Amino acid sequence: MSQSNEKETLARIALGELFINKPRIPREIISALGSAAAIFSLSQKEVYEILGPCTEADRLRPFFERACSIYSRLLRMGIRYIRFDEPAFPALLNEIPDAPLGLYVRSESENPFNYASAVSVVGTRNCTSYGISCCKNIVENIAVCAPKCAIISGLAKGIDITAHLTALEKGLPTIAVLGIGIDKTFPASHEEYADRIASTEHCAVISEYPPGSKIYSTNFLYRNRIVAALSSSTIVVESALKGGSMSTAKLAFDYGRSVFAVPGRIDDGSYEGCNFLIHKQIAGIVSSMSDLVKSLGFSVNDLKKGLNINERISEVIASCYGENTIWAAKSGLIEKILTLIAAQRDITDDEIIETLQEPYDAVAPILTQLSADGFVFRDLLSQNSLTL
């Protein structure tokens, strides 16, 4: 990188820090002066003429020095800073009025934003097993369509991480957008997943906040504009009436992007937000996988062939438990348990035992194993729901 180019990058980092969550101001400075670096060569009087007598005008020099420290840290950590006017910066993101000055990027790929299309998949952290199942189903069906589509989300618990991990499993690129500094992971328990995404080709972990940034709850809501802007479509899988997913959906709608929502029961608070988006015509309804895929602009020719639930249960038993002598001997009971859970969502352990007339010692280990393998979702009340 040339000296002048490096100075411009440092100036962008400094202005981004100085005008945190106010990217329009430094963009206007760059537009007026021709570069970010130009303002750092002006006299105090000239700076006041541009910015007025604001606190930021008096803090330019210290923030440039901080930017130098940040840049050195980026080089040591192998993290890139991509400016908004560089070819590698995502074009869709540049379309919104409050696009960031640049992005901090952890990725093995030179340009992880070089995908043909992208879909943002978002939802609540406290999701149900039905939400998890829907999320997996949506991403799996997108995965069999051509061309390869990137999955965008926020690395949060629940729907976000389900979307990311399903994308990785199915060979789709995925981009995790953080609401904190690029050197941290939130929640901390997802650090392993962030590392996996960052080290997978065509995938990336990104943030507009540099390493060492303080964590503010407002930043998570502000980052939702990036999740919404990075794709042409946003799918809300599960959401209450309030939450980050609703913010992302409304932003996507304001940006002129397509929005879709999975409907839920009218008495289910977990889907009150989704139902609201559909009712207000902010989001189109996800009524079937084929309709969704068509609406996203993909062909349904290669759409995942939908096995009925009995066929799916038989497939799971054969592939996961058929070769183990102990579990193969229990295959009949496993099938009965899975079939019963499929028929009665949120059925409890006691209800399964009573219905099947089987001893607790026979049913409990199977439920534990099915839960550990991810085929059954169990909550604190010992309710069981299928995630197939």
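Scroll up to find the structure this text is about.
Take the side chain of Asn224 next. When you line up the elements, Asn224 lands in helix α8 (residues 217-229). Within the structure, Asn224 has its side chain in polar contact with the backbone oxygen of Gly244 (distance 3.2 Å). Those residues in contact with Asn224 that lie beyond four places of it in its chain are Gly244, Ser247, Thr248 and Leu251.

A word on unusual backbone geometry. The omega torsion of the bond from Phe186 to Pro187 falls at 0°, within 30 degrees of zero and hence cis. Notably, His202 is not glycine yet its phi reads approximately 75°, a positive angle. For His202, the location among the structural elements is in the loop between α7 (191-198) and β6 (204-207).

Turning to the pairing of strand β3 (residues 117-122), a few remarks are in order. With five of six residues buried, β3 lies mostly within the body of the structure. Following the chain from β3 across helix α5 (residues 129-143) to the adjacent parallel strand β4 (residues 149-153), one finds a crossover that is right-handed. In this sheet, strand β7 (residues 233-236) lies alongside β3 in parallel orientation, the contact comprising four bridges. If you follow Val122 over to β7, its bridge partner there is Val236.

For the rest of this paragraph, the subject is the pattern of salt bridges. Taken as a whole and judged by the stated rule, the model has eleven salt bridges. The salt bridge partner of Arg73 is Asp183, with a shortest N-O separation of 3.1 Å. Of this pair, Arg73 sits in helix α4 (residues 60-77) while Asp183 sits in the loop between β5 (174-177) and α7, placing them 110 residues apart in sequence. The exposure class assigned to Arg73 is partly exposed, which follows from its relative accessible area of 30%.

We now examine the nonpolar core. If you look at the biggest cluster of nonpolar residues, it comprises 102 residues, and the most contacted ones within it are Ile142 and Ile206. Other than its neighbours up to four places away in sequence, Ile142 contacts Val119, Cys149, Ile151, Leu172, Ile235, Leu296 and Phe298. Counting residues in each nonpolar core, the second largest holds 20 residues, with Val316, Leu340, Val363 and Ile366 among its members.

What counts, and where the lines are drawn
- Residues numbered from 1 in each chain as written.
- Predicted model: local features only at pLDDT ≥ 70, side-chain atom pairs only at ≥ 80, totals over all residues.
- Heavy atoms only, no water.
- Helix = DSSP H or I, 4+ residues; strand = E, 2+ residues; numbered from the N terminus.
- Polar contact = N/O pair within 3.5 Å; in protein donor to acceptor, adjacent residues only side chain to side chain.
- Contact = heavy atoms within 4.5 Å.
- Buried < 20%, exposed > 50% of the residue type's maximum accessible area, 1.4 Å probe, protein only.
- Right-handed = clockwise from strand over helix to strand, strands pointing away.
- Pairing = 2+ DSSP bridges.
- Salt bridge = Lys/Arg side-chain N within 4 Å of Asp/Glu carboxyl O.
- Core = buried A, V, L, I, M, F, W, Y, C linked by side-chain atoms within 4.5 Å.

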